[in-house]
Amino acid sequence: MRRAVPAFLVLLVAVGVGAVEISRGDIRLTLHESSARFSVDLLVNGEWVPLLYPDDPRTSALDVREDNRVHRMGDSGRFRQFVVQREEEVGFVWTSATMRVEQLFRFTRGTTADRTDALQISVTVTNTGERPMSTAVRLLLDTHLGERSNVHFATPSTPRFNREIRLDPGPAVPYIRSIPDAGSVHGLQVMVFGSDVTPAKAVVLANWKRLADSVWDYTVHESRNFNRLPFSINDSAMLVLYAEEQIGPGQSYSVVTYLGNLSSDGYLTPETAALIPEEDRLLARLAQIVQRINMLLDETDVDPGEIERLQAELDAISGQVRGR
């Protein structure tokens, strides 16, 4: 149940007033200029599936600290805003008298994926004022895929979270997932630790309304579920907090993360993904499928669902080859 919300080799398509849609492979990014928010969809079995809450992109947000002030980008009247579209990246830029904030997106893919299915997201804060300032970034992501099944979130070691929790990113918690069900092979994955990723200070999983109303950090009560009665029911979200830094005039603070389809080994950097031809990716994935089939031949108890998934992947590869 939801709540009322307060008052490049890519395809670029306008999708309504103040929005630009950017598609590559199996992922689609939409920049909503009027609200300065973004939404992401994944192509699953020929249909676009929203990875974040689709009815209003304003429920996900980027917050930036400037000393003791917190700016919700797109909502603060202190900033001028514009969209940038460069050769290999696209995103939002905000400027004020004392700071410049960039949120840029680049396309990439999972380490074993044969098609683009993820985004690298970088946020850079530059001190354009005359005095040192303390700054930090947090991302509020309004997830929704796990709400219907009550799975909500998962990590490599925990297949289900259905109550508030604060997680410490690290080797045991490199990513957080929002998935339709425990056995899903598609869904949303957000990297919070690992190679080429800025380690998050903390990740909080809680009710969306509670997180959206928090000023910065959030005190967890693990006895609470994802309800906030009477209007915000079974409504989970993810808050990713990054460490605070002091930056002088002209200096910058940056964080980098990845968001996309499920990928247990993380994602390639956009530079690496661009270097690998699609033919090589198809051959590599085909070799992995053949290896898995050979392993299944030696097993006595084989999951029919896995056989169907492997067959579907083989059919998809065959279709891509025939379409050349």
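Rules and cut-offs
- Residues numbered from 1 in each chain as written.
- Predicted model: local features only at pLDDT ≥ 70, side-chain atom pairs only at ≥ 80, totals over all residues.
- Heavy atoms only, no water.
- Helix = DSSP H or I, 4+ residues; strand = E, 2+ residues; numbered from the N terminus.
- Buried < 20%, exposed > 50% of the residue type's maximum accessible area, 1.4 Å probe, protein only.
- Areas by Shrake-Rupley, 256 points an atom, 1.4 Å probe, with all protein chains shown as cover.
- Pairing = 2+ DSSP bridges.
- Core = buried A, V, L, I, M, F, W, Y, C linked by side-chain atoms within 4.5 Å.
- Contact = heavy atoms within 4.5 Å.
- Axes fitted to C-alpha atoms, helices over the stretch in contact; angles between N-to-C directions.
- Salt bridge = Lys/Arg side-chain N within 4 Å of Asp/Glu carboxyl O.
- pLDDT = per-residue confidence, 0-100.
- Phe/Tyr/Trp six-rings, centres within 6.5 Å; stacked < 30°, edge-to-face > 60°.
- Lys NZ or Arg CZ within 6 Å of the ring centre and 35° of its normal.
- Lys, Arg positive; Asp, Glu negative; His and termini not counted.
- Polar contact = N/O pair within 3.5 Å; in protein donor to acceptor, adjacent residues only side chain to side chain.

**A closer look at the overall build of the protein chain**
Part 1: The helix and strand tally for the protein chain stands at four helices and 19 strands.
Part 2: Buried positions account for 52% of the 324 residues belonging to the protein chain.
Part 3: Element-wise, carbon and sulfur atoms account for 51% of the exposed surface of the protein chain, whose accessible area totals about 15,400 Å².

**Re unusual backbone geometry**
Part 1: In this model, Leu-229 is joined to Pro-230 through a cis peptide bond whose omega is 10°.
Part 2: Not every positive phi belongs to a glycine, and Asn-45 is a case in point at roughly 50°.
Part 3: With respect to the secondary-structure elements, Asn-45 resides in the loop between strand E4 (37-44) and strand E5 (47-50).
Part 4: Positive phi values are uncommon outside glycine, yet His-152 reaches one of about 65°.
Part 5: Within the secondary structure layout, His-152 lies in the loop between strand E12 (133-141) and strand E13 (165-167).
Part 6: With a relative accessible area of 0%, His-152 lands in the buried category.

**What about the pairing of E4?**
Part 1: When you tally the buried positions in E4, you get seven out of eight residues, the bulk of the element.
Part 2: Between the end of strand E3 (residues 27-32) and the start of E4, which pair antiparallel, lie four residues, with Ala-36 showing a positive phi angle near 60°.
Part 3: Relative to E5, E4 runs antiparallel, the two sharing four bridges. By the bridge assignment, Leu-42 is partnered in E5 with Val-49.
Part 4: Here E4 folds back onto E5 in antiparallel fashion, the turn holding two residues, of which Asn-45 has a positive phi close to 50°.

**Thoughts on the nonpolar core**
Part 1: Ranked by internal contacts, the top residues of the largest apolar core, which has 65 residues, are Leu-29 and Val-101.
Part 2: Beyond its immediate sequence surroundings of up to four residues, Val-101 is in contact with Leu-62, Val-64, Met-73, Phe-79, Phe-92, Val-93, Trp-94, Val-123, Thr-124 and Val-125.
Part 3: Among the nonpolar cores identified, the runner-up in size contains six residues, and Tyr-175, Met-191, Val-197 and Tyr-267 belong to it.

**A look at the sheet that holds strand E14 (residues 175-178)**
Part 1: The seven strands lie next to each other as E8-E9-E10-E11-E19-E15-E14, forming an open sheet whose pairing is antiparallel. Each end of this open sheet is capped by a strand with a single partner; those strands are strand E8 (80-85) and E14. Averaged over all pairs of adjacent strands, the angle between their axes in this sheet comes to 15°, without regard to strand direction.

**As for the pattern of salt bridges**
Part 1: With the rule as written, the count across this model stands at 19 salt bridges.
Part 2: The shortest N-O distance in the salt bridge between Asp-217 and Arg-166 comes to 2.8 Å. Taken together, the residues span a long stretch of sequence, with Asp-217 in the loop between helix H1 (208-213) and strand E17 (236-241) and Arg-166 in strand E13 at a distance of 51 residues.
Part 3: With relative accessibility at 36%, the residue Asp-217 sits in the partly exposed group.
Part 4: As a salt-bridge pair, Lys-209 and Asp-213 come within 3.5 Å of each other at their nearest N and O atoms. Taken together, the residues Lys-209 and Asp-213, both in helix H1 and four residues apart, mark about one turn of the helix.

**Notes on the confidence of the model for the protein chain**
Part 1: Confidence in the prediction for the protein chain averages 88 pLDDT; 90% of positions are at 70 or higher.
Part 2: Of the regions scoring below 50 in pLDDT, residues 1-16 engages in 45 contacts with residues more than four places distant in sequence or in other chains.

**A look at the packing of aromatic side chains**
Part 1: In this structure the tally under the stated criterion is four aromatic pairs.
Part 2: When the ring of Tyr-258 is compared with that of Tyr-267, the centres are 6.0 Å apart and the planes differ by 15°; the resulting orientation is stacked.
Part 3: On the basis of relative accessibility, which here comes to 2%, the residue Tyr-258 falls in the buried class.
Part 4: Directly above the aromatic system of Trp-216 lies the positively charged group of Arg-65, at a separation of 5.6 Å from the ring centroid.

**So, the environment of Ala-182**
Part 1: Looking at the secondary structure, you find Ala-182 in the loop between E14 and strand E15 (188-191).
Part 2: A relative accessible area of 55% means that Ala-182 is categorised as exposed.
Part 3: Considering only alpha carbons, one finds Ala-182 and Ala-154, 28 residues apart in sequence, at a separation of 8.2 Å.

**Regarding the environment of Thr-116**
Part 1: Mapped onto the fold, Thr-116 is located in the loop between strand E10 (99-108) and strand E11 (118-127).
Part 2: Between the alpha carbons of Thr-116 and Gly-25 there is a distance of 4.7 Å; along the sequence they are 91 residues apart.
Part 3: If near-sequence neighbours (up to four positions away) are discounted, Thr-116 is found in contact with Arg-24, Gly-25, Asp-26, Ile-27, Phe-107, Thr-108 and Arg-109.

**Some thoughts on the side chain of Asp-117**
Part 1: Tracing the backbone through its elements, the reader meets Asp-117 in the loop between E10 and E11.
Part 2: Here Asp-117 is buried and forms no salt bridge, its nearest opposite-charge partner Arg-109 lying at an N-O distance of 7.1 Å.
Part 3: Looking at Asp-117, its side chain comes within polar contact range of the main-chain nitrogen of Gly-110, at 2.9 Å.
Part 4: Contact partners of Asp-117, with chain neighbours within four places excluded, come to Asp-26, Ile-27, Leu-42, Thr-108, Arg-109, Gly-110, Gly-260 and Asn-261.

**Here's the deal with the pairing of strand E16 (residues 202-207)**
Part 1: Most of E16 is tucked away, with six of its six residues classed as buried.
Part 2: Sheet analysis places E13 next to E16, joined by three bridges and oriented antiparallel. Note on E16: the bridge partner recorded for Leu-167 is Val-203.
Part 3: Summarising the sheet, E16 and E17 pair through six bridges and their orientation is antiparallel. Each bridged residue has a counterpart across the sheet, and for Asn-207 the counterpart in E17 is Ser-236.

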